[in-house]
Amino acid sequence: MTEPTRVSYVLAIEPSSRGLCFAAFDEERNLLDWGGFEARLRKNQLCRQKARSLTRGFQPKYLVLEDGDAPTSTRKRRIRELLRTIGQDAADDGMTVSRIPRLWVRQRFTVFGISSKDDIATAVCSMYPELATRLPKKRQPWESEHYSLALFEAVALGVTFFQKRHRSA
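Criteria and thresholds
Note that residues are indexed from 1 along each chain, following the sequence as it is written. Two thresholds apply to this predicted model, a pLDDT of at least 70 for residue-level local features and 80 or more for giving and counting side-chain atom pairs, whereas whole-chain, interface and lining totals are computed over all residues. Just so you know, side-chain values use all the structure's heavy atoms and leave hydrogens and water out. The way it works is that DSSP assigns letters per residue, a run of H or I at least four long becomes a helix, a run of E at least two long becomes a strand, and they are numbered from the N terminus. Between two residues, a contact is recorded if the distance between any of their heavy atoms is within 4.5 Å. Accessible surface is estimated by sampling points in the Shrake-Rupley manner with a 1.4 Å probe; for residues, cover comes only from the protein chains shown. A 1.4 Å probe that fits but cannot get out identifies a cavity on a 1 Å grid over protein atoms alone, an open set with protein on both sides within 12 Å along at least five of seven lines counts as a pocket, and a residue lines either if it has an atom within 4 Å of a point. Grid points are joined across faces, edges and corners, and a volume is the space filled by probe spheres set on the points. Burial classes follow relative accessibility: with a 1.4 Å probe on protein chains only, a residue under 20% of its type's maximum area counts as buried, one over 50% as exposed, and anything between as partly exposed. A strand pair is defined by DSSP finding two or more bridges across the two strands. The span one expects for a helix is its residue count, reduced by one, times 1.5 Å. Arc, as used here, means the arc of the directions from the helix axis to the C-beta atoms. Here, a salt bridge means any Lys or Arg side-chain nitrogen found within 4 Å of an Asp or Glu carboxyl oxygen.

(A) Broad picture of the overall build of the protein. Of the regular secondary structure elements, the protein holds 5 helices and 5 strands. When the elements of the protein are put in sequence order from the N terminus, they spell out β-β-β-α-β-α-β-α-α-α. A separation threshold of at least 6 residues defines the contact pool for the protein, and within that pool the share at least 24 residues apart is 62%. Accessible area of the protein: about 9500 Å², with a carbon and sulfur share of 51%.

Here's what the structure looks like:
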């Protein structure tokens, strides 16, 4: 028996140094599914395969990715290349790819006085309480960023996509 196809309206994918995270939304901005994938070796190859599996499984109308080539992007070359290949694979499969600069995400949440990744993650939890169990404690300045923040960044990309789409409609 095969797994049924899960159709979504928007799929947001956020690569990180440890793998990638995703969030799937319906047309009403409800969070349908979310998760993460860790890759220790051959990171780009495995993350690209996982992203392709996600896009084929969810069959989104829109794939939302961070714009790694934006002038304000601080992404490393490996992640920029991964973002490009994931976007190209999705475009080849007929999906509309929306690339959102990280600056737009920060501006979306700055309206509410929120600017740090930890604060954005907390705001995302207030929008989607089902994610609260995944929220890491706020990090201290000397601590590394928690790997699960990529999930909240994926959701924040989706939220920003809907806001930008609503404004242009």
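(B) Expanded view of empty space enclosed by the protein. One pass over the structure, following the stated rule, counts 1 cavity of 30 Å³ or more. Around the largest cavity sit Arg102, Lys117, Ile120, Ala121, Leu149, Phe152 and Glu153, which together line it.

(C) Focus on the pairing of strand S4 (residues 62–66). Of all 5 residues making up S4, 5 are buried, and the element is well covered by its neighbours. Burial along S4 is two-sided: the residues Tyr62, Val64 and Glu66 and Leu63 and Leu65 are all buried. In this sheet, S4 lies alongside strand S1 (residues 10–16) in parallel orientation, the contact comprising 4 bridges. Paired with Ile13 across the two strands is Leu65, which belongs to S4.

(D) Up close: helix H1 (residues 43–58). For H1, built from 16 residues, the straight-helix expectation of 22 Å at 1.5 Å per residue is met to within 8% by its first-to-last C-alpha distance of 22 Å. Among all positions in H1, only Cys47, Ala51, Leu54, Thr55 and Phe58 are buried. For H1, the arc enclosing every buried residue in end-on projection is 95°, short of the 170-degree limit, so these residues lie on one face. Residues of H1 that are buried in the fold lie against S1, strand S2 (19–25), strand S3 (31–38), S4 and helix H2 (77–92). Positive phi shows up at Gln59, right after H1, with a value of about 45°.

(E) Up close: the environment of Ala51. Along the chain, the position of Ala51 falls in helix H1. Spatially, the C-alpha atoms of Ala51 and Glu14 are 9.8 Å apart, while their sequence positions differ by 37 residues. When neighbours within four sequence positions are excluded, Ala51 is seen to be in contact with Ile13, Leu20 and Ile86.

(F) Spotlight on the pattern of salt bridges. Under the definition given, this model contains 13 salt bridges. Taking the shortest distance from any N to any O, the salt bridge between Asp89 and Arg48 comes out at 2.7 Å. A residue pair is termed long-range when its members are at least 10 positions apart, and Asp89 in helix H2 and Arg48 in helix H1 qualify at 41 residues. For Asp89, a relative accessible area of 7% puts it in the buried group. Notably, a salt bridge pairs Asp93 with Arg52, separated by 3.3 Å at the nearest N-O pair. With Asp93 in the loop between H2 and strand S5 (96–100) and Arg52 in helix H1, the pair connects residues that are 41 residues apart, well separated along the chain. We classify Asp93 as partly exposed; its relative accessible area is 31%. Connected through salt bridges with shared partners, the residues Glu14, Glu66, Arg75, Arg102, Lys117 and Glu153 form a single ionic network.

(G) The arrangement of unusual backbone geometry in detail. Even without being a glycine, Arg29 presents a positive backbone phi close to 70°. Tracing the sequence through the fold places Arg29 in the loop between S2 and S3.

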